Amino acid sequence: MPQYDRSRDGTTPAGVSRTVATPESLGLALAAAPDPELARVTVARLQERRPARALLERPEVLQAVAPLLGFSTAAADFFLTYPDELASFADLRPRSVDELRAEASGDVAAAGPVAGLRRFRRRASYRVAARDLDGAPVEDVMAELSAAADLCLEVAAASASDSDGDSARLAVVALGKLGGAELNYASDVDVVFVHAEPGADAQARASRAAAALIALLSEPTEGGVALRVDANLRPDGRGGALSRSLEAMLTYYERHAATWERQAMLRARPVAGDAEVGARFADGVTPFVFPAVLPASAVEDVRASKVRIEEHVRALGKQDVELKRGRGGIRDVEFAVQLLQLVHGRRDERLRHTNTLAALAALAEGGYVRTADAEALAGSYRFLRRLEHRLQMVRDQQTHELPSDPHALSTLGRAMGLSDGVRLRAEFERHTVAVRGLHERLFYRPLMEALATASGPTPGADRASTEELLAGLGFADATTAYELLVRVMDPARQLGRVLGTLSPVIVPALAEAAVPDAALVRFARVADAARDGGLEAELADRLVDRPDAARRVAALAGASSAFADALIARPQTIRLLYEVPPEAPSLFAGDEPRDALIRVAAAHAARELRVPETGRRIADAADAAVGRALAAADPRDPVAVIGMGRLGGADLSFASDLDVLFVYDGDGPEAFQRSRDAAERTVARLRDEGWAVDADLRPEGRSGPLARSMASYIEYWQRWAQTWEYQSLLRARLVAGDEFLGRRFVSNAADFAYPEALTVEDVAAIRRMRVRMEEERVRPRGAGRFNFKLGHGGLADVQFAVELSLMRHGARHPEVRHTHTLEALEALARARLIEDSVSLSLSQAYTFLTEVKLGLEIEQRVAAQALPAAPESQAALARRLGYGEMARSRFLEDYLRITRRARQAMERVFYPEEGAA
């Protein structure tokens, strides 16, 4: 199609042959319009006007204008009023800013600023609309609409400043869609006004100029309005001064602006008036939009603001038809992008775009959003913006709702290049469903608050400042740590780029390790293993959406060389860390028990699981391992595995033995032999898988048979068992095997564990056992204060106090019968069988000391029962437990205080007032 210069008299440019539209070409052009009948009627009316008749005879003009006339009643009214404007359709190419400026200047010179700008804006908009209907890229449409609005503001600002006499040095700063250069056909134009000098006189001049600008553009005339200028986003809204000095504006945004006001400034773009003042404002407000530390509350503020919008639309019943604020609409895209900009843009200047699509592309390029997700979101955003444009073209009105009228919906569908309204509805739903899903993944991304507030190496930061930061975080060799981080977070590699964006959660997790430098080395080895194992692309994609998974990997590498080695040996197990481990039985839906243990360890290291939940999840893994081992042993007779000790209490640590008993149901030597063999195969398989199995709590200990019949257990308990053996039965729990048999065992064991009356001799035996454990098994002698398992106020004190109470009261109060220590304590306190202060002290000690045990055993999966002797090792343990400054001294202070109170509480239970036993 030949290109034409704009001509109002219909003349043909030199060198271009003129052709005349035929009736056939007229019919084809009208038929191609979204509403052919509307196009026919409008063209017929225009042909009654001489300038229009001549222009419509030109095929290029007819073909360009017919779709618009057959869709937009506002355009039809404009061209019926100004038929000579049809000449602009002879040349639909995009206009440069300079060309638009010259065009606007000519209109203002001919008709004055009020009429001239209105005619210019409408002509420019309809010219863009014709290209839009012909399939122009939505970015080009938004850019030219925004450029035309910029020029209207430019001309109006100059006119308002001239009319005020003494210049107020007023700057016009665009926000919202104009600030992002993504204006609609009928958008309000959001602006704030800033003037250079402080003082009342300057304030008055600037406010008069701002008011004159708004009136010039927004007051309705017979030509409509040029722009709907909205200055209500200024400080204090409608009640605030129309313009503020640069100094006052920056003070406001520094000290008083709410989160939503700073969010609005993401799109601040000086567009008119005093360029220097506008630039100084944009530069000056940037540190307040992207502060060094963003309060975690800011994330919640943005989310709450979005929820309020959704609730308002839902209350109107328009959530499914409102393409701007409805579910999966334009706001879903914008809010997700802007929240990511607020969180990450303070550290990465590449993200500070005012335009939504440009910001989304930068987020993808920087590794903050998966490329596929960014492309899908951008595609749906373009569709929704095109649809919004079509809606506003019709009557030049602000509307964002799909029409309910079938004819209007079908016309809209054809304007979108679709066959009818049904197809449009389907496409709309497809895009909004996709947007909503991506919005929820991005907007409610895990650790968003942590990423907002955490400190870590900044992309592109200089080496000196990064090394200073690493040293401050506790890395002993900051130079080596920097070099290793640069290698791990290499932006030239996909995984490195993503890890770089997550450094605010990765580096602090490593810094909390006992030895941060060693933790970083292990983390680097895990990352290398992932790359070598072909997981780089998958891991990069998943970590973009799940920064909490990156923190889990870093925390596990920091806490445990044993588990880090497991990840390095089998990098595919990193996939296990994408989610927090669920509760059993879903924990083992697809996991091997050893893999489930990795998931639990990572969540515990990242402090997502704490006592007692960590112990329960480890016990879940152990239960599954025992169950699989027993099934593999294929017993021919009913066999049950009974958990004892911490396994029975569902409260294991990372290096706990699995205390088990085997019971079978059968008669005669053959049943005994078969069941014993199955038990031995079960134990052997568990040990091969790395589980430490201990069956020494069985009758006669190691010298007794590994499996016994139920009758044999009962006979032993009746005739030969000692008090400590009855005490051990308090934690008997069916772990695997024949359920009916296991429940019989637990029920029979309870008859002996919970006697009708606990004798004085039984109490004395329990007391003696506790004393012997401390005196004979704590080495070296006198080290009991720091033996958290068997020593002064240790776990054994808690356990014995609880078990003595259970044996005293369990027969008459079955509601206190729990195998888990903390659950039993809570039940005893609820039943008023133990003092609240005693329960509190014992619970606190059990929780604290179990955390200590987990913190020590996670490193190498080696059993621990005493604090390390070396001060530096104690400091490392304290760091691992989350103590910050003065970690060792604060930890030891807590340890001594908690164990002292636990010993006192134990003694209250062991030696009550006379008659309590």
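Residues numbered from 1 in each chain as written. Predicted model: local features only at pLDDT ≥ 70, side-chain atom pairs only at ≥ 80, totals over all residues. Heavy atoms only, no water.

Draft legend 1. Highlighting the pairing of strand β2 (residues 188-195). Burial analysis of β2 places seven of its eight residues in the buried class, the great majority of the element. Relative to β2, strand β1 (residues 170-174) runs antiparallel, the two being bridged by five bridges. Bridge pairing links L170 to H195 in β2. Pairing of β2 with strand β3 (residues 228-230), which is carried by three bridges, proceeds in the parallel orientation. Note that in β3 the partner of V189 across the bridge is V229. Across three bridges, β2 lies against strand β4 (residues 243-245) in parallel orientation. By the bridge assignment, H195 is partnered in β4 with S245. (Buried < 20%, exposed > 50% of the residue type's maximum accessible area, 1.4 Å probe, protein only. Helix = DSSP H or I, 4+ residues; strand = E, 2+ residues; numbered from the N terminus. Pairing = 2+ DSSP bridges.)

Draft legend 2. Highlighting helix α16 (residues 371-395). End to end, α16 covers 37 Å across 25 residues, agreeing with the expected 36 Å (1.5 Å per residue, within 8%). Just downstream of α16, D396 is the residue with a positive phi angle, here 55°. (Expected span 1.5 Å × (residues − 1).)

Draft legend 3. Quick look at the nonpolar core. Counting 238 residues, the largest nonpolar core has L153 and L217 as its most contacted members. With 14 residues, the top contributor of residues to this core is helix α7 (residues 138-163). Non-local contacts of L217, meaning those with residues more than four positions away in its chain, are made with L117, R118, C152, L153, A156, V225, A226, L227 and V229. Of all hydrophobic cores here, the second largest spans 71 residues; its members include M710, L730, L833 and V909. (Core = buried A, V, L, I, M, F, W, Y, C linked by side-chain atoms within 4.5 Å. Contact = heavy atoms within 4.5 Å.)

Draft legend 4. Seen up close, the pairing of strand β6 (residues 639-643). Burial analysis of β6 places five of its five residues in the buried class, the great majority of the element. Because side chains alternate across β6, one face comprises the buried residues V639, V641 and G643, and the other comprises A640 and I642, equally buried. Here β6 pairs with strand β10 (residues 733-737) via four bridges, running antiparallel. Looking across to β10, one finds that A640 is bridged to G737.

Draft legend 5. View of the side chain of S561. Among the structural elements, S561 can be located in helix α27 (residues 561-569). Judged by relative accessible area, which is 11%, S561 ranks as buried. Looking at S561, its side chain comes within polar contact range of the side chain of Q860, at 2.8 Å. With residues up to four places along the chain from it excluded, the contact list for S561 reads R522, E859 and Q860. (Polar contact = N/O pair within 3.5 Å; in protein donor to acceptor, adjacent residues only side chain to side chain.)

Draft legend 6. Examining helix α24 (residues 516-532) more closely. An ideal rise of 1.5 Å per residue puts 24 Å on 17 residues; α24 measures up with 24 Å between its terminal C-alpha atoms. Buried within α24 we find P516, A519, L520, R522, F523, A524, V526, A527, A529, A530 and R531. The first or second residue beyond α24 is G534, which carries a positive phi of 75°.

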